[in-house]
Every structure is written in structure tokens, then in C-alpha cells.
Protein chains: 2
Amino acid sequence: MEWISNSRILIVGLGLIGGSYAKALKRLGFHVTAIEKRRSAVDFALANGIVDEAYTSVVGDVVASADAVIFGLYPKVFVEWIESYQQYFRSGAMITDVTGVKSCIVYDIQRMLRDDVEFIASHPMAGKEVYGVENADDAIFRGANFIITPTEQNTQSAIAWAQSMGRLLGFCHIAVLSPEEHDEMIGYLSQLTHCIAVALMTCSDNQHLVDYTGDSFRDLTRIANINDAMWSELFMLNREMLLRYMDIFSSEFLSMRDMIEKGDVESLREKMRLSTERRAYFNR
Amino acid sequence: MEWISNSRILIVGLGLIGGSYAKALKRLGFHVTAIEKRRSAVDFALANGIVDEAYTSVVGDVVASADAVIFGLYPKVFVEWIESYQQYFRSGAMITDVTGVKSCIVYDIQRMLRDDVEFIASHPMAGKEVYGVENADDAIFRGANFIITPTEQNTQSAIAWAQSMGRLLGFCHIAVLSPEEHDEMIGYLSQLTHCIAVALMTCSDNQHLVDYTGDSFRDLTRIANINDAMWSELFMLNREMLLRYMDIFSSEFLSMRDMIEKGDVESLREKMRLSTERRAYFNR
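Residues numbered from 1 in each chain as written. Chains lettered and ligands numbered in written order. Predicted model: local features only at pLDDT ≥ 70, side-chain atom pairs only at ≥ 80, totals over all residues. Heavy atoms only, no water.

Moving on, we come to the relation of the copies chain A and chain B. Placing chain A over chain B gives an RMSD of 0.0 Å and needs a rotation angle of 180°, together with 0.0 Å of translation along the axis. In the structure described here, the two chain copies are related by an operation that fits a two-fold rotation axis. Closest approach to the rotation axis among the C-alpha atoms of chain A is made by L220(A), whose C-alpha sits 2.4 Å away. Interface overlap between copies: 100% of the residues of chain A at the interface are likewise at the interface in chain B, consistent with a symmetric, same-surface contact. (Least-squares fit on C-alpha atoms with pLDDT ≥ 70 in both. Contact = heavy atoms within 4.5 Å.)

Quick look at the packing of aromatic side chains now. Summed over all chains, the structure comprises 37 aromatic pairs over all chains. Taking the centre distance of 4.9 Å and the plane angle of 40° together, the rings of F146(B) and F171(B) count as tilted. Pair noted here: F146(B) is in strand 8 (residues 145–148) and F171(B) is in the loop between helix 6 (156–169) and strand 9 (173–176), with a separation of 25 residues, a long-range link. For the pair F146(B) and F171(B), a shared accessibility class is recorded, and that class is buried. One aromatic cluster is present, formed by F71(A), F78(A), W81(A), Y85(A), Y88(A), F89(A) and F119(A) through successive ring pairs. (Phe/Tyr/Trp six-rings, centres within 6.5 Å; stacked < 30°, edge-to-face > 60°. Helix = DSSP H or I, 4+ residues; strand = E, 2+ residues; numbered from the N terminus. Buried < 20%, exposed > 50% of the residue type's maximum accessible area, 1.4 Å probe, protein only.)

What follows is about the sheet that holds strand 5 (residues 94–97) of chain A. Residues and elements named next belong to chain A. Sheet architecture is open: six strands sit in the order 3-2-1-4-5-6, paired in parallel fashion. Only two strands of the sheet have a single partner each, and these edge strands are strand 3 (53–55) and strand 6 (118–119). Running over the sheet, helix 4 (residues 75–85) touches strand 1 (8–12), strand 4 (68–71), strand 5 and strand 6 and is turned about 145° from strand 4. (Pairing = 2+ DSSP bridges. Axes fitted to C-alpha atoms, helices over the stretch in contact; angles between N-to-C directions.)

This paragraph deals with helix 2 (residues 39–47) of chain B. All names here are of chain B. Residues A41, V42 and A45 constitute the buried set of helix 2. Buried residues of helix 2 fall within an arc of 100° about the axis and therefore sit on the same side. At its buried positions, helix 2 is contacted by strand 3 (53–55). Once helix 2 ends, the next one or two residues include G49, with phi positive near 65°. (Arc of directions from axis to C-beta.)

With that settled, consider the nonpolar core. Counting 86 residues, the largest nonpolar core has L192(A), F249(A), L192(B) and F249(B) as its most contacted members. Apart from residues lying up to four places away in sequence, F249(B) is in contact with I196(A), A199(A), L200(A), C203(A), F249(A), F253(A), L192(B) and I196(B). (Core = buried A, V, L, I, M, F, W, Y, C linked by side-chain atoms within 4.5 Å.)

In regular strands, side chains alternate between the two faces of the sheet. Residues and elements named next belong to chain B. Burial runs high along strand 2 (residues 31–35): four of the five residues are buried. Inspection of the sheet shows strand 1 (residues 8–12) paired to strand 2 by five bridges, in the parallel sense. Note that in strand 2 the partner of R8 across the bridge is H31. Tracing the backbone out of strand 1, into helix 1 (residues 16–27) and back to the parallel element strand 2 gives a crossover that is right-handed. Bridging between strand 2 and strand 3 involves three bridges; their strand directions are parallel. Each residue of the ladder has a partner; that of T33, found in strand 3, is E53. (Right-handed = clockwise from strand over helix to strand, strands pointing away.)

Tracing the backbone through its elements, the reader meets L274(B) in helix 11 (residues 265–279). Sequence separation between L274(B) and L169(B) is 105 residues; the distance between their C-alpha atoms is 35 Å.

The accessible area lost on association of the parts is a frequent measure of interface size. The interface is formed by 81 residues belonging to chain A together with 81 residues belonging to chain B. Carbon and sulfur atoms make up 67% of the area that chain A and chain B hide from each other, which totals about 8500 Å². It is Y212(A), R279(A) and F282(A) in chain A that bury the most area against chain B; as a group they hold 9% of the surface buried on that side. For the pair chain A and chain B, the number of links is eight salt bridges. One salt bridge in this structure joins R269(A) and D228(B), with 2.7 Å as the shortest N-O distance. Scanning the region where chain A abuts chain B turns up 42 residue pairs in polar contact (both at pLDDT 80 or more). (Buried area = accessible area lost by both parts, 1.4 Å probe. Salt bridge = Lys/Arg side-chain N within 4 Å of Asp/Glu carboxyl O. Polar contact = N/O pair within 3.5 Å; in protein donor to acceptor, adjacent residues only side chain to side chain.)

Turning our eyes to something else, we now look at the pattern of salt bridges. Applying the stated criterion across every chain, the model contains 38 salt bridges over all chains. In this structure, R257(B) and D247(A) form a salt bridge, with 2.6 Å as the shortest nitrogen-oxygen distance. You can see R257(B) sitting in helix 10 (residues 239–262) and its partner D247(A) sitting in helix 10 (residues 239–262), one on each of two chains. Here E129(B) ties to R222(B) by a salt bridge, and the two come within 2.2 Å at their closest N and O atoms. One end of the pair, E129(B), is in the loop between strand 7 (122–125) and strand 8; the other, R222(B), is in the loop between helix 8 (215–221) and helix 9 (228–237), and 93 residues separate them in sequence. Taken together, the shared-partner salt bridges connect D228(A), E266(B), R269(B), E270(B) and R273(B) into one network.

In this section: the environment of Q110(B). Residues and elements named next belong to chain B. Along the chain, Q110 turns up in helix 5 (residues 103–112). Its relative accessible area of 15% is what places Q110 among the buried residues. Taking the C-alpha atoms as reference, Q110 lies 50 Å from I260; in sequence the two are 150 residues apart. Side chain to side chain, Q110 and T151 meet in a polar contact 2.4 Å long.

This part takes up the environment of L169(B). All names here are of chain B. Here L169 is to be found in helix 6. For the pair L169 and L28, spaced 141 residues apart in sequence, the C-alpha separation works out to 9.0 Å. In this structure L169 touches Y21, A24, L25 and F141, once residues within four positions along its chain are discounted.

So, about the sheet that holds strand 8 of chain B. All names here are of chain B. With mixed pairing, the three strands of this open sheet are ordered in space as 7-8-9. Every interior strand has two partners, whereas the edge strands, strand 7 and strand 9, have only one. Averaged over all pairs of adjacent strands, the angle between strand axes in this sheet comes to 20°, irrespective of strand direction. The strands touched by helix 6 within the sheet are strand 7, strand 8 and strand 9, with strand 8 carrying the most contacts at an inclination of about 165°.

Structure (C-alpha cells):
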């Protein structure tokens, strides 16, 4: 499938990310339909012109009319959806997702999927600490990274299709990684980071910290405002990789603790210089 | 001393914070002089109208002409400065600082200081990950917190003077804490936070992470670009409190690790809900 102007896109799961995809794609002139069980989300999306059509349940003809289907569901619900409704896909349809874990779902879905449709997995590295299509905003994609995680089952044309989608949505950098490489990255860059923020936030029950804090604590705990249903599911599905990075982090942290306890200022400064040097790779 | 328009302010140490104080106070019409050993900083400040006068060494008459002296030095150098040059202070001068640790210096300075001048300690909770008067910017004070840490030696008028200064500089909220309360807050909100950022940044030597990351890792590591000389000194001077909070954090982090390893999703979600609830106190 090519991204031509009369392409019909179906978005299943119209949350923050699904809604932001819808906004971007509709503005580009594609026909955008959504399936989202939450009635108020459907009403909001229709009232605000975020989608052309929207339904609160799975309608076979609606699924069958889509050239491409983008899943904005949590991982387990996504797999269940494919099991239940894949018979409705149009032959030749392209399927992608926005799921934050890959190796635990991509192979399963490709194994169960009909031969005449293709699933190319992808992950937009963008988000907000608010939820729902009511907060959808495709500006979050500008300057952000987009990761495509093909397997050996995927065709070059599907990878190219996903790359085009990333560019159309406004992403700045589009990377291609294996599902395993993706999950390792995400274990470190995203999941470990969220664990740290939560643990930092739960260290104190003082309700007056807002009056004393500087920006650094605010920055480190922004994501401590966390969707517990989604993130606990993502953590469990990438448990091994997450635990590996939690242990690496603990070891780094405890080695700093020892330097501080021992008054080993030179080692402490060396670690800070290393962190400063590595942080510089993030300036682009 | 009152903040009247012809007050003469001396800033000793014209770095990012000293320079930002200078900008704000000069704009308000005060006569601002600086002593800063780095020649290029003095030249920059004079060329850009950040100060009225500036000197690269301690000139007795210059110190003696100041109604108020603000120290923007690292803690140990600050204490040494007082030891060496306090004889130059004008009788009745008000002294304050910007130092990030308090109990380890405030009592020592008050003990050694002449009876006819008063030191009221304060700490602007604002900063940037860049250094020097060249990056001075008093906009960083807007919306920020300012903490004053009086002891029993301080007069009410000195506390009021420091509160006025905080308001004049543009701070949003001005708090009064004991030096010990301050150091506990800072151990948690600032020092622990910097330790975490450094440890997180040193977990991987992958130089391509920039192509895969989302905003959360960037947010958590912004302060991993760290001034090793300053922060190692601050950590050492507040070691006991910092170690206490490092241990609390480790315990929280490891308890999350156990929940993830055991698949105890309900406890994990409970912890996330607690962190979300506590993070909400930071929205004001």
C-alpha cells in the first residue's frame, strides 16, 4: 500500500497517540476512521473534526474498507483484537501499531496473522503525561524519534511504508531496529527512567516540597505522573530487559554512594565528567 | 540596611548566579560592583553593562563601600574569603550568599564574623546547565523558589532584608527554613536528583541513543551535564543527609524491582498511583 491521497486509514484505539496520529493524517488529506469503545472519545473526535468517521464497536465493513490499520491499543488488548477480528481486514491491508514493547507481541501477531495482510511494527517515541484524544496533539511528533521494528517476515515495501508514515506524521529521525534491539533501548531509555521517577517521587510524603524545589526535581518527576495500567503492563512484558537495566543502574548508583561515603572525591568527579561527556551525545 | 535606590551592592564571584543577581539588581537601579578573579568574566560583565564596576582582586575600599555583599562563591572558598577579608566590610553591612549547602557553613561564618556586620544565608533555587556570567539570565528566577536560612543569631530585620531581596530578584515563593531543614530538602530535591541523573547517564556507552530516545530520558539526564568541581564539593558538605536520601531512594527502587521480578502487578500499580498522587502537589 502506498500513501496516496485517497488512502483510507483506520485507527483502532483513539487515545492520546491514536488521536494525535488521526489529527496529523486527516490534516494531510487522508480519510481517517476510528474505532474506540469510549463513547465520549468518539463524540469528541467527531465534534472536533479529528476523524472523518468513528465507531464505538468493531464494524466488519469499516475494518474491510481500510487500506491501513493503525493500532493504538495496549499490547495485550491489541493481540486479542487481532485474534478476534482479523477476518475483517481487506486483503493487502497494511497493519501497524504504536506499542511500547515489541518482541513479546510482534512475532505472535505475525504468526497468527493472515498471509494476505502484513504487520509492520513501529513505535513513536513521543508522549505526554495526559491521556485521551481530548489531549491529542501531533506537535509532539516534531523533532521526535520514530522506531520501526521489522522481522524477517516483513517486506521491504512494508518497511518503506512505515518510514513514509513516520515522515508524514512529522517525526525527525526514523530508525530501524530489531524487536529485541528496540526492547533493550526502551528498557533503558524509557522503562528504567519511569521506574526511577516513581521511586524518587515516593521517597517523601512531604506535601510542601513544591515551595522549596528547583527545576531538577520537577524534571526528574514529570513522568512520575504515570498511567499505572499501561506502564505496569509494559514493564511486565519487557521484564527481563527492564530488570537487567534496573540492576545496571543500581550498581552505578551504589558505586556513587560508596564514593560519597568514603569521600573519594576524585572518583566522584570522574563519574560526573563521564556523565557530562555522555550527555553531550544528546545535543543534536 | 534597607533596599533603597542608592544602595551599593557588591557581588563576590560573578558566575551564572552572581551574574544573574547583578543583572536583576542593576536593572532595579542599584549600584552593582563585582569582584571576580576571572579577567574575561569581568571584561564581559563591564562590556555588557551587567555591573557598574568590577575588579579581579579584593580591593579594600571597594568592599568597604558596599552596603550589602552577596557571595556567589563555592562554599569552601566563601568561608576562606570571610576569614581573609572580613576586616574590609563596612560596619553595618549585610552579607548573604547563594550557597547550596547551609548548616556546614552558616554557623562557622556567623561565629567568626565581626559583630558589626550580619550574615543572613539564602539559597536561590534556580540554575542552568551552563556556567559563567556569559550565561547570566535573571529570567531563571521568575516562578522559582528562594530559601532563607536564618539562625538564632540573625535579626528579624536581616530576615526581612533577605525576603525583600528575594522579591526584588523576581522569585515567586520565599521560604524560611532552618539550615538543617534546608540541607535535608536539598539532599532530597537537588543532590539526590543529581546523583540519579549521573548514575542513569553512566549506565550505557551507546553513542546512538539520541536516535531512539523520547523526552523522558532527556528530562532525567538534563542535569547529568554537571559541574563536577562544584557538585562534588556540595555533596561532601552535605554527605550525611545525601546518604540518608540515597538509601531511602535505593530502598524504594529495589522494592519496585522486586515487584517487577515477582510479577506483583497490584503492588506496582499501587506505587505508581502513590507517585502520581504525590507528583500532583507540584502543580501550582
